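Residues per chain are reported as follows:
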Amino acid sequence: MLPRRLVLILAGAVVAFMAGLPAVAQSVERLYILNCGEGVAGDISRWSPGVNVGKSMAFVDSCYLIRHRQGWLLWDTGLSDAIAAMPDGLHPADARGIVWRRPTTLIAELSKLGLKPDDIRYVAVSHSHPDHIGNVALFPHSMLLVQKAEYQWPGPDGPRFKPGPPVTELEGDRDVFGDGSVVILATPGHTPGHQSLLVRLPQTGAVVLSGDAAHFRDNWDNRRVPELNFDKQQTVASMQRLADVMAKEHAQLWINHDKAQRDGQKISPDFYE
Ligand SMILES: [Zn+2]
């Protein structure tokens, strides 16, 4: 005779199968998009060499907060909260870059949802550029999930991550909660250890959070590689990898910095299920 617990698990799987739902989708509950910055790029050809030279474009900087039965996961931490106090925003060294502002802080966005940094179990970052790791230091008790190649990539002025807080240095993909609902995908190229995130939401379906595998839709569609990327070939291969995952999962692509896309999305405290 089967143990009662196993019977219950099998019964649950049968119900999920009959409802046409993947069993994995039950354990991730919500996804919030947080405003982690707004900016204006001086010249977008920096991201699309030879195309739209001299043209300015608005960017957004997004963080994503995922509620799973086993705990909260924050995907990217955005620009430093300190930028919220800069009246003129943060200006780039190269005028073709982005002037960033922070209309709200990450701490304020979390507290709107009744959360403090210590409530976040995992902080996963797509890569180590300042518009993605700006607030990592606010989460000294969360487990940081980052590729080893990124964590150990020397920065221009020393280590990119302050040693001390808990970290898991990944070497490839990682099924974060062990149920297939939140999966880190290794997508190197923009930086040595760049990663993206596949989230299988119960109602919305599968979503791929790009990181900076592409910065806006037009670059994705045309497989363009920004001039500052670490490795051009890897970047193109990673875009193809994401396209393959999306085809298999029937997934949407949510592009972190794409303002046109995000203008049409629900922003926290609204959420996706
Ligand atoms: Zn970025």
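Residues numbered from 1 in each chain as written. Predicted model: local features only at pLDDT ≥ 70, side-chain atom pairs only at ≥ 80, totals over all residues. Heavy atoms only, no water.

A word on the pattern of salt bridges. A full pass over the atoms with the stated rule returns 13 salt bridges. With a closest N to O distance of 3.2 Å, R217 and D221 form a salt bridge. Taken together, the residues span about one helical turn, with R217 and D221 both in helix 5 (residues 217-221) at a distance of four residues. On the basis of relative accessible area, D221 is assigned to the partly exposed category, the value being 46%. Its salt-bridge partner being D218, residue R224 comes within 2.8 Å of it at the nearest N-O pair. (Salt bridge = Lys/Arg side-chain N within 4 Å of Asp/Glu carboxyl O. Helix = DSSP H or I, 4+ residues; strand = E, 2+ residues; numbered from the N terminus. Buried < 20%, exposed > 50% of the residue type's maximum accessible area, 1.4 Å probe, protein only.)

As a further point, take unusual backbone geometry. Geometrically, the link from S268 to P269 is a cis peptide bond, its omega value of 15° lying close to zero. Its place among the elements puts P269 in the segment after helix 7 (259-262). Even without being a glycine, D76 presents a positive backbone phi close to 70°. The topology assignment puts D76 in the loop between strand 3 (71-75) and strand 4 (98-101). Despite not being glycine, R223 shows a phi value in the positive range, around 55°. In this structure, R223 sits in the loop between helix 5 and helix 6 (232-249).

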